[in-house]
There are 2 protein chains.
Amino acid sequence: MTKQHRPTDGELEILRVLWREGPSTVRDVHSILSKAKPGTGYTTVLKLMQIMADKDLVSRDEKNKAHVYSPRIREDQTQKQMVGDLLDRVFGGSAARMVMQALATKKANPQELAEIRHMLDEFEQNGGAR
Amino acid sequence: MTKQHRPTDGELEILRVLWREGPSTVRDVHSILSKAKPGTGYTTVLKLMQIMADKDLVSRDEKNKAHVYSPRIREDQTQKQMVGDLLDRVFGGSAARMVMQALATKKANPQELAEIRHMLDEFEQNGGAR
DNA sequence: ATTGACCTACGAAGCCTTTCGTATTAACCT
DNA sequence: AGGTTAATACGAAAGGCTTCGTAGGTCAAT
């Protein structure tokens with residue numbers, strides 16, 4: 001298994017649609033993306049998705065005229081990968097520092113803070129274990 | 001003020017050296033980087049740093065023959081920017097989810113967990129306030 | 001059958017990043 | 001001064017990402 005590259009910005013936008021919407025055609029993806037970013041060209045999205053198929057980021061079903069694309073990598077796995085990457089590249093591996101900046105940026109609401117606290121509890125319970 | 005782009009991978013490596021070591025010459029930076037990544041070419045680093053000066057990512061003092069480069073953006077500010085960026089691009093803005101993946105990736109040690117918990121306390125004290 | 005709508009395939013351009021070779025300039029030493 | 005060392009400047013190539021125009025195929029309805 002070859003070590004996966006980070007998906008590019010464009011690829012990530014498409015993956016996010018596929019993760020949220022499930023298997024989709026190029027037209028599906030394009031119409032969603034062009035809502036957020038008007039002016040997005042159809043063939044641009046098409047080409048990108050073709051390339052992603054080449055890279056095995058997505059699979060496609062060619063049974064119908066309009067091919068149906070599905071993500072081949074999982075969202076949580078990708079998130080983990082990208083977070084780990086950022087952790088190394090800009091925080092020298094310090095998760096604490098990263099969390100701090102994340103909270104400073106987003107000023108998470110109390111509910112989110114509670115969620116995080118809850119996660120910490122779980123991590124401390126079984127977590128230290130390797 | 002024009003909205004800053006994300007620094008590239010190469011630029012980030014250099015910035016990290018400058019943040020840690022303070023104002024440095026190309027030779028300084030090169031000798032440190034080539035320790036971690038043998039085979040790194042001297043002129044490669046030079047060129048990169050020249051480009052960074054063009055982009056105002058760094059400033060340089062040309063008084064001496066070997067120019068001395070200093071970072072022009074701050075580490076914490078860059079960290080905040082990049083974390084916010086990742087938050088939007090891959091976590092749809094959910095800090096809680098991002099923190100979770102960060103902890104899952106790194107299995108932070110108990111000491112770090114305690115630090116994070118402490119930060120949460122502070123955030124809840126003054127932080128929730130809009 | 002012809003048209004029109006919609007789809008994929010393909011190639012190419014433009015831009016950015018990284019890398020490196022070569023040329024030039026400056027400093028130092030004897 | 002001449003030669004060596006070490007620095008910068010510059011150009012260019014290679015590769016990746018994004019964008020888009022154009023060509024060609026398929027299907028259905030007229």
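Structure: see above.
Residues numbered from 1 in each chain as written. Chains lettered and ligands numbered in written order. Predicted model: local features only at pLDDT ≥ 70, side-chain atom pairs only at ≥ 80, totals over all residues. Heavy atoms only, no water.

Draft legend 1. The arrangement of the overall build of chain A in detail. Each helix and strand in chain A was counted, giving 6 helices and 3 strands. Against the compact-globule benchmark of 14 Å for 130 residues, chain A has a radius of gyration of 18 Å, which places it well outside the compact range. Taking the principal axes of the C-alpha coordinates as reference, chain A spans close to 50 × 35 × 25 Å. The buried share of chain A, taken over its 130 residues, is 36%. In chain A, 43% of the contacts between residues at least 6 apart in sequence involve partners at least 24 apart. Of the roughly 7,700 Å² of accessible surface on chain A, 49% is carried by carbon and sulfur atoms. Averaging the coordinates of the 21 positive side-chain charges in chain A and doing the same for the 18 negative ones gives two points 4 Å apart. (Helix = DSSP H or I, 4+ residues; strand = E, 2+ residues; numbered from the N terminus. Rg over C-alpha atoms; globule rule 2.2 N^0.38 Å. Buried < 20%, exposed > 50% of the residue type's maximum accessible area, 1.4 Å probe, protein only. Contact = heavy atoms within 4.5 Å. Areas by Shrake-Rupley, 256 points an atom, 1.4 Å probe, with all protein chains shown as cover. Lys, Arg positive; Asp, Glu negative; His and termini not counted. Charge placed at Lys NZ, Arg CZ, Asp CG, Glu CD.)

Draft legend 2. The interface of chain B and chain A, seen in detail. Taken together, the contact pairs 45 residues of chain B with 45 residues of chain A. When the two sides are added together, the surface that chain B and chain A hide from each other amounts to roughly 4,600 Å², 65% of it contributed by carbon and sulfur. For the interface between chain B and chain A, the tally reads 6 salt bridges. Among the salt bridges present, the one from A:D9 reaches B:R89, with a minimum N-O distance of 3.3 Å. Counting every contact that joins chain B to chain A gives 22 residue pairs in polar contact (both at pLDDT 80 or more). At the level of secondary structure, the elements contributing two or more residues to the side of chain B that touches chain A comprise α1 (9-21), α4 (75-91), α5 (95-106) and α6 (110-127) of chain B. (Buried area = accessible area lost by both parts, 1.4 Å probe. Salt bridge = Lys/Arg side-chain N within 4 Å of Asp/Glu carboxyl O. Polar contact = N/O pair within 3.5 Å; in protein donor to acceptor, adjacent residues only side chain to side chain.)

Draft legend 3. Seen up close, the protein's contact with DNA strand C. In the region of DNA strand C, 21 residues are neighbours, and A:R27, A:Y42, A:K65, B:T8 and B:G10 sit closest. Counting only the atoms of DNA strand C within 4 Å of the protein, the fraction contributed by sugar and phosphate is 62%. The contact in question runs from a phosphate oxygen of DNA strand C to an N or O atom on the side chain of A:Y42, over 2.8 Å. Contributing elements (two or more residues each) for the surface near DNA strand C: α3 (42-54) of chain A together with α1 and α3 (42-54) of chain B. Its residues assigned to classes, the surface near DNA strand C comprises 5 nonpolar, 8 polar and 8 charged. (Near = heavy atom within 4 Å. Nonpolar A, V, L, I, M, F, W, Y, C, P; charged D, E, K, R; others polar.)

Draft legend 4. Highlighting the sheet that holds strand β2 (residues 58-61) of chain A. All names here are of chain A. Strand order in the open sheet formed by 3 strands is β1-β3-β2, and the pairing between neighbours is antiparallel. With one partner strand each, in any of the chains shown, β1 (24-25) and β2 form the two edges of the open sheet. Across the face of the sheet, α3 comes into contact with β1, β2 and β3 (68-71) while running at roughly 105° to β2. (Pairing = 2+ DSSP bridges. Axes fitted to C-alpha atoms, helices over the stretch in contact; angles between N-to-C directions.)

Draft legend 5. The arrangement of the protein's contact with DNA strand D in detail. Taken together, the neighbourhood of DNA strand D is formed by 22 residues, with A:T8, A:G10, B:R27, B:Y42 and B:R60 sitting nearest. Counting only atoms of DNA strand D within 4 Å of the protein, the fraction found in sugar and phosphate groups is 60%. In this structure, A:T8 approaches DNA strand D through a side-chain N or O atom, which is 2.8 Å from a phosphate oxygen. In the environment of DNA strand D, a phosphate oxygen lies 3.0 Å from a nitrogen or oxygen atom belonging to the backbone of A:G10.

Draft legend 6. Representation of the side chain of A:S24. Residue and element names in this part refer to chain A. Mapping S24 onto the fold places it in strand β1. Among the polar contacts made by the side chain of S24, one reaches the main-chain carbonyl oxygen of G22 at a distance of 2.5 Å. Setting aside its immediate chain neighbours within four residues, S24 contacts L18, V29, H67, V68 and Y69.

Draft legend 7. The arrangement of the environment of B:E122 in detail. Residue and element names in this part refer to chain B. Mapped onto the elements, E122 comes out in helix α6. The class for E122 is partly exposed, based on a relative accessible area of 45%. In sequence terms E122 and M98 are 24 residues apart; their C-alpha atoms lie 19 Å from each other.

Draft legend 8. Inspection of the pattern of salt bridges at higher detail. Inspection of every chain in the model, using the stated rule, returns 22 salt bridges over all chains. Here B:E21 makes a salt bridge to B:R20, at a shortest N to O gap of 3.4 Å. The exposure class of B:E21 is partly exposed, given its relative accessible area of 43%. One continuous salt-bridge network, built from bridges that share partners, spans A:R6, A:D85, A:R89 and B:D9.

Draft legend 9. Up close: the relation of the copies chain B and chain A. Take chain B, turn it by 180°, move it 0.0 Å along the axis, and it overlays chain A with an RMSD of 0.0 Å. One copy is carried onto the other by what is essentially a two-fold rotation axis. Rotation axis and chain B: the residue whose C-alpha lies nearest the axis is B:V99, separated from it by 3.0 Å. (Least-squares fit on C-alpha atoms with pLDDT ≥ 70 in both.)

Draft legend 10. Region of interest: the pairing of β3(A). All names here are of chain A. Bridge analysis of β1 against β3 gives 2 bridges, and the strand direction is antiparallel. Of the residues in β3, the one forming a bridge with S24 is Y69. Between β2 and β3, which pair antiparallel and follow one another directly, the connecting turn spans 6 residues.

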